[in-house]
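# Coordinate analysis (summary)
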Amino acid sequence: MHNEIVLVIGNKAWSSWSLRPWLAAKVAGIPFREEHVQLRQPDSAAQIARHSPSARVPVLKRGALTVWDSLAICEYLAEISAHVKLWPDDPAARAVARSVAAEIHSSFHALRKELSMDFHARFNRVEPSDAAKADIARIVAVWRDTRKAYDAGGPFLFGAFSVADAMYAPVATRFRTYGIDLAAFGDDGTAAAYAHEVLSLPAMHDWGQGAAREGIAGGAA
Ligand SMILES: N[C@@H](CCC(=O)N[C@@H](CS)C(=O)NCC(=O)O)C(=O)O
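Residues numbered from 1 in each chain as written. Predicted model: local features only at pLDDT ≥ 70, side-chain atom pairs only at ≥ 80, totals over all residues. Heavy atoms only, no water.

## Concerning the overall build of the protein
- Helix and strand content of the protein: nine helices and four strands.
- In the protein, the order of α-helices and β-strands from amino to carboxyl end is β-α-β-α-β-β-α-α-α-α-α-α-α.
- Taking 17 Å as the expected radius of gyration for a compact globule of 221 residues, we find that the protein reaches 17 Å, a close match to that expectation.
- Dimensions of the protein, computed from C-alpha atoms along their principal axes, come out at roughly 50 × 40 × 25 Å.
- For the protein, with 221 residues in total, the buried portion stands at 50%.
- Long-range pairs, those at least 24 residues apart, make up 73% of the contacts in the protein between residues at least 6 apart in sequence.
- A total of about 10,200 Å² of accessible surface is found on the protein, and carbon and sulfur atoms cover 54% of it.
- Distance from the positive charge centre (24 side chains) to the negative charge centre (24 side chains) of the protein: 4 Å. (Helix = DSSP H or I, 4+ residues; strand = E, 2+ residues; numbered from the N terminus. Rg over C-alpha atoms; globule rule 2.2 N^0.38 Å. Buried < 20%, exposed > 50% of the residue type's maximum accessible area, 1.4 Å probe, protein only. Contact = heavy atoms within 4.5 Å. Areas by Shrake-Rupley, 256 points an atom, 1.4 Å probe, with all protein chains shown as cover. Lys, Arg positive; Asp, Glu negative; His and termini not counted. Charge placed at Lys NZ, Arg CZ, Asp CG, Glu CD.)

## Some points on the packing of helix 6 (residues 130–150) against helix 8 (residues 190–199)
- Two elements in contact, helix 6 and helix 8, have axes separated by 8 Å at closest approach and are oriented at 85 degrees. When the axis of helix 6 is compared with that of helix 8, the two are roughly perpendicular. Across the interface between the two elements, V140, W143, R144, R147 and K148 from helix 6 touch T190, A191, Y194 and A195 from helix 8.
- Among the residues forming the contact of helix 6 with helix 8, the class breakdown is five nonpolar, one polar and three charged. (Axes fitted to C-alpha atoms, helices over the stretch in contact; angles between N-to-C directions. Parallel < 35°, antiparallel > 145°, perpendicular 65-115°, else oblique. Nonpolar A, V, L, I, M, F, W, Y, C, P; charged D, E, K, R; others polar.)

## Focus on the packing of aromatic side chains
- Considering all chains together, one arrives at eight aromatic pairs under this definition.
- Each ring, one from W143 and one from Y168, has its centre 6.3 Å from the other, and the planes form 75 degrees; the classification is edge-to-face. Taken together, the residues W143 in helix 6 and Y168 in helix 7 (residues 163–177) connect sequence positions 25 residues apart. We note that W143, like Y168, is buried.
- In this structure, R98 is placed above the aromatic ring of W87, and the distance from its NZ or CZ to the ring centre is 4.9 Å.
- Positioned above the aromatic ring of F119 is the side chain of R176, whose terminal nitrogen or guanidinium carbon lies 5.2 Å from the ring centre. (Phe/Tyr/Trp six-rings, centres within 6.5 Å; stacked < 30°, edge-to-face > 60°. Lys NZ or Arg CZ within 6 Å of the ring centre and 35° of its normal.)

## Here we look at the site of the ligand
- Every residue close to the ligand is listed here: S15, W17, L39, I48, A55, R56, V57, P58, D69, S70 and H105.
- S70 places a polar side-chain atom, nitrogen or oxygen, 2.6 Å from an oxygen atom of the ligand.
- One of the side-chain nitrogen or oxygen atoms of H105 is found 3.2 Å away from an oxygen atom of the ligand.
- The protein chains hide 75% of the 520 Å² of surface that the ligand would expose on its own.
- When atoms are counted within 2 Å of each cavity's grid points, the one that captures over half of the ligand is the largest pocket.
- Counted by class, the shell around the ligand contains six nonpolar, three polar and two charged residues. (Near = heavy atom within 4 Å. Polar contact = N/O pair within 3.5 Å; in protein donor to acceptor, adjacent residues only side chain to side chain. 1 Å grid on protein atoms, 1.4 Å probe; cavity = no way out; pocket = protein on both sides within 12 Å on 5 of 7 lines; lining within 4 Å. Sits in = over half its atoms within 2 Å of the grid points.)

Here it is, written out as structure tokens:
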């Protein structure tokens, strides 16, 4: 079908960048077909090159259109979403939501490296470096402050689910995987409750089932 949206994603166990637009599309109810590439294989680069000009997944394809990079794909989904708004209505809230989405996209390198996404794995004896601890504390502050400011509209960072939540969803899985006690990083319970809310989304459950079906044993890189 010419108008069909195809989302090319990596392994659901590991590909945190793939989870973000996948989740945004699911929550928005935007129909799409998944195509999978296997990461960490000898031919992964060749598989990805068939789809992606940036040599990375995720990639969205629709007819002649190719959109790459998780945040650009989320922006496209927000523009075509017919029934669910993926950014806050209020321009000021939208600007802050874009700030926190941009921040996770461009920052938190220590957290991403040390606590990589491994959906079903559980590692309880990981001691984050000082840099990773600073990342965790910053994320706790972002979650706490946005939840407190936009609490009235719903349980997500800006009330209703938005691209900002899609961008941070892999972090909620990482905190679970590595047994991170958010209270030790300045959380008053708000950030932990938010992480629980994200992990309880039916779409997150579906992603987890997909990860389980891949049959890859835990073993974070
Ligand atoms: N900035 C990109 C990063 C995408 C990225 O790094 N994707 C990883 C998988 S999660 C990838 O494709 N790696 C290539 C490989 O493993 O060969 C985005 O936001 O989409």
